[in-house]
Amino acid sequence: NAGVMQNPRHLVRRRGQEARLRCSPMKGHSHVYWYRQLPEEGLKFMVYLQKENIIDESGMPKERFSAEFPKEGPSILRIQQVVRGDSAAYFCASSPDFLNEQYFGPGTRLTVT
Amino acid sequence: RKEVEQDPGPFNVPEGATVAFNCTYSNSASQSFFWYRQDCRKEPKLLMSVYSSGNEDGRFTAQLNRASQYISLLIRDSKLSDSATYLCVVRKGDYKLSFGAGTTVTVRA
């Protein structure tokens, strides 16, 4: 039973480029959450999605960041025109419903040069 | 003020020692409490939930003090494999988990 999968594990982008991070939830899980962990800080909630719906994006920066979870395929976190401050570990988690335990993927480490 | 605050440590202890640390949370409406473990550059993994009456899981004991809004974790008979960062996590009742920055524990031989 595969866990939450994220790819790529490491991503290097130059300032101004776009970053696309993918997350495949555990089998049977339809709730996906994205968190960001800056160096020396705790994970911060970004967005909560169900299939084809954004439920809560209150933790997402207002500009340049977007997320989707299409009917088919993985959830995507997209960062346009990346800046150095976007360098962080981005973790995706999934759960079978919104109150159950969230299982985390291995994360994508984004480095902006 | 941060929602969840932790002493970053590090706590350096010899094998077999007992180590304990706390975290405090600011939102009195928080309903669920957890300790997660994060190994270097890896994903957080649930270590244990924390219940009002306190609970134990093997060598790990967690306590919750709602009046003072703090949570503690005690590790007995430390093993080398306990070396990790321990994340204090609270949830108000919905889906958003609020993480502390973590307490680093290093167990030495």
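Residues numbered from 1 in each chain as written. Chains lettered and ligands numbered in written order. Predicted model: local features only at pLDDT ≥ 70, side-chain atom pairs only at ≥ 80, totals over all residues. Heavy atoms only, no water.

Here we take up the side chain of H31 of chain A. All names here are of chain A. Along the chain, the position of H31 falls in strand β4 (residues 31-37). A distance of 2.6 Å separates a polar atom in the side chain of H31 from a polar atom in the side chain of Y48. Beyond its immediate stretch of four places on either side in the chain, H31 contacts Y48, L49, Q50, A93, S94, S95, P96, D97 and F98. (Helix = DSSP H or I, 4+ residues; strand = E, 2+ residues; numbered from the N terminus. Polar contact = N/O pair within 3.5 Å; in protein donor to acceptor, adjacent residues only side chain to side chain. Contact = heavy atoms within 4.5 Å.)

On inspection of all chains with the given rule, the structure shows 14 aromatic pairs over all chains. A centroid spacing of 5.9 Å and a plane angle of 85° characterise the contact between F104 of chain A and F99 of chain B, whose relative ring orientation is edge-to-face. Taken together, the positions of F104 of chain A in strand β10 (residues 103-104) and F99 of chain B in strand β10 (residues 97-99) put the pair across two chains. On the accessibility criterion, F104 of chain A (8% relative accessible area) is buried. (Phe/Tyr/Trp six-rings, centres within 6.5 Å; stacked < 30°, edge-to-face > 60°. Buried < 20%, exposed > 50% of the residue type's maximum accessible area, 1.4 Å probe, protein only.)

The next point concerns the sheet that holds strand β1 (residues 4-6) of chain B. All names here are of chain B. Across the sheet, which stays open at both edges, the five strands sit in the order β1-β3-β8-β7-β6 with antiparallel pairing between neighbours. The two strands at the open ends of the sheet, each matched to only one other strand, are β1 and β6 (55-57). Pairwise comparison of adjacent strand axes, ignoring direction, gives a mean angle of 20° for this sheet. Alignment of strand β3 (residues 19-25) against strand β8 (residues 70-75), held across six bridges, turns out to be antiparallel. Paired with F21 across the two strands is L73, which belongs to β8. (Pairing = 2+ DSSP bridges. Axes fitted to C-alpha atoms, helices over the stretch in contact; angles between N-to-C directions.)

Applying the stated criterion across every chain, the model contains nine salt bridges over all chains. Of the charged contacts, one joins E56 of chain B and R76 of chain B as a salt bridge, the two residues approaching to 3.5 Å between their closest N and O atoms. One end of the pair, E56 of chain B, is in strand β6; the other, R76 of chain B, is in the loop between β8 and β9 (84-91), and 20 residues separate them in sequence. For D82 of chain B, the salt bridge is made with R59 of chain B, and the minimal N-O distance between the two is 2.8 Å. Residue D82 of chain B is found in the loop between β8 and β9, and its partner R59 of chain B is found in the loop between β6 and β7 (60-65); the two are separated by 23 residues along the sequence. Accessibility expressed as a relative area gives 3% for D82 of chain B, which makes it buried. Several salt bridges share partner residues, and in doing so they unite E18, R20 and R78 of chain A into one network. (Salt bridge = Lys/Arg side-chain N within 4 Å of Asp/Glu carboxyl O.)

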